[in-house]
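Survey of secondary and tertiary structure
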Amino acid sequence: MDSAELSRLLGVWTDADERLPDALARTISELVDHGFVPAGSTLPPQRELARVLGVARGTVASALAMLEAGGYVVSTRGSGTRVRSGRDRKSTRLNSSHW
């Protein structure tokens, strides 16, 4: 999945009551849960996604770390970040207690 496609799927993902990394992680997790970003998909590189979304790379890195802690993705240095299947996810759901 390229950054333009993910950006299109994300739509308006920011929320004034939520930190940017939290909002991004929540929105990506919802896309995964609803099948818009299928298991096995490789997410765009952090720098590219940050550029397309107009946020700092640290925002994207924090969101991806939350998603990894919640079992939504697995990151491998040099290979990128892949979406895990539902059966491979931890039993916990992504929520604010993860960060």
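What this report covers is the structure whose coordinates are included nearby.

The rules we used
Residues numbered from 1 in each chain as written. Predicted model: local features only at pLDDT ≥ 70, side-chain atom pairs only at ≥ 80, totals over all residues. Heavy atoms only, no water. Helix = DSSP H or I, 4+ residues; strand = E, 2+ residues; numbered from the N terminus. Buried < 20%, exposed > 50% of the residue type's maximum accessible area, 1.4 Å probe, protein only. Contact = heavy atoms within 4.5 Å. Areas by Shrake-Rupley, 256 points an atom, 1.4 Å probe, with all protein chains shown as cover. Salt bridge = Lys/Arg side-chain N within 4 Å of Asp/Glu carboxyl O. Pairing = 2+ DSSP bridges. Arc of directions from axis to C-beta. Axes fitted to C-alpha atoms, helices over the stretch in contact; angles between N-to-C directions. Parallel < 35°, antiparallel > 145°, perpendicular 65-115°, else oblique. Nonpolar A, V, L, I, M, F, W, Y, C, P; charged D, E, K, R; others polar. Core = buried A, V, L, I, M, F, W, Y, C linked by side-chain atoms within 4.5 Å.

1. Structural notes on the overall build of the protein
Broken down by element type, the protein carries four helices and three strands. The proportion of buried residues among the 99 residues of the protein is 37%. Partitioning the intrachain contacts of the protein with sequence separation of at least 6 by distance along the chain shows that 56% fall at a separation of at least 24. Carbon and sulfur atoms provide 48% of the accessible area of the protein, an area that totals close to 5600 Å².

2. Remarks on the pattern of salt bridges
Counted according to the given criterion, the structure contains four salt bridges. Salt bridges sharing common partners tie together Glu18, Arg26 and Glu30.

3. A look at the pairing of strand β2 (residues 73-76)
Both β2 and strand β3 (residues 80-83) contribute to a ladder of four bridges, which runs antiparallel. Bridging from a neighbouring strand, Thr76 pairs with Gly80 of β3. Here β2 hands over to β3 after three residues, with Gly78 in that stretch at a positive phi of 90 degrees.

4. Focus on helix α3 (residues 46-53)
All of the buried residues in α3 are Leu49, Ala50 and Leu53. What you see down the axis of α3 is that its buried residues fit within an arc of 100 degrees, all on one side. In α3, the exposed residues that point more than 90 degrees away from the buried face are Arg47 and Arg51. Among the structural elements, α1 (3-10), α2 (20-33) and α4 (57-69) are those in contact with the buried residues of α3. Downstream of α3 by a residue or two, Gly54 has a phi angle that is positive, lying close to 75 degrees.

5. Brief notes about the packing of α1 against α2
For the pair α1 and α2, interaxial distance at closest approach is 10 Å and the crossing angle is 95 degrees. In this view, α1 runs roughly perpendicular relative to α2, as classed from their interaxial angle. Here α1 contributes Leu6, Leu9 and Leu10 to the contact with α2, which in turn contributes Leu24, Thr27, Ile28 and Leu31. A class-by-class count of the residues in the contact of α1 with α2 yields six nonpolar, one polar and no charged.

6. Focus: the nonpolar core
If you look at the biggest cluster of nonpolar residues, it comprises 23 residues, and the most contacted ones within it are Leu10 and Leu24. For this core, the secondary-structure elements that each account for two or more residues are α1, α2, α3 and α4. By residue number, the principal contributor to this core is α2, which donates six residues. Here Leu24 is in contact with Leu10, Trp13, Leu53, Val60 and Ala63, once residues within four sequence places are set aside.

Read these as layout, nothing more, since geometry by itself doesn't imply function.
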